[in-house]
Amino acid sequence: MSLVEVHVTFQTFEEDKTEAWFKVLKVLVSSGQSVRKDEVLFEIETEKATFDFESPAEGIVKDIFLKEDPEQERFHGTVFCTIEASP
């Protein structure tokens, strides 16, 4: 079986929000952990709401690039983690 590396990123769908930010409130997974599609990976806060950030694929969390830090603002396009998933 071959694996595909999925880069999990924060995206915004508002055209004028290329500077959109978020803060990581909680990291709910660890490297090496198996996750299912739609399983909650992170709890994040934006300027409008706090919400759960879900996995886009089933697989194994390979790398986590963000830490819990409610003070640090991150921006649109930031990679949260990578997941090794079946194609």
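Data block above holds the structure.
To start, this report covers the structure provided alongside it. Since this is a predicted model, take the numbers as computed values, not measurements.

**Description of the packing of aromatic side chains**
One pass over the full model with this rule turns up three aromatic pairs. Where Phe 22 meets Phe 80, the ring centres are 5.1 Å apart and the plane angle is 15°; that geometry is what we call stacked. In this pair, Phe 22 sits in strand β2 (residues 21–27) while Phe 80 sits in strand β8 (residues 79–85), placing the two residues 58 residues apart along the sequence. Phe 80 matches Phe 22 in its accessibility class, with the two residues each being buried. Both rings, one in Phe 53 and one in Phe 80, keep their centres 4.2 Å apart while their planes meet at 10°; by these two values the pair is stacked. Note that Phe 53 is positioned in strand β5 (residues 50–54) and Phe 80 in strand β8, a separation of 27 residues in sequence.

**Focus on the pattern of salt bridges**
Applying the stated criterion across every chain, the model contains two salt bridges. The shortest N-O distance in the salt bridge between Glu 39 and Arg 36 comes to 4.0 Å. Its relative accessible area of 57% is what places Arg 36 among the exposed residues. For Lys 37, the salt bridge identified is with Asp 38, shortest N-O distance 3.8 Å.

About the thresholds
- Residues numbered from 1 in each chain as written.
- Predicted model: local features only at pLDDT ≥ 70, side-chain atom pairs only at ≥ 80, totals over all residues.
- Heavy atoms only, no water.
- Phe/Tyr/Trp six-rings, centres within 6.5 Å; stacked < 30°, edge-to-face > 60°.
- Helix = DSSP H or I, 4+ residues; strand = E, 2+ residues; numbered from the N terminus.
- Buried < 20%, exposed > 50% of the residue type's maximum accessible area, 1.4 Å probe, protein only.
- Salt bridge = Lys/Arg side-chain N within 4 Å of Asp/Glu carboxyl O.

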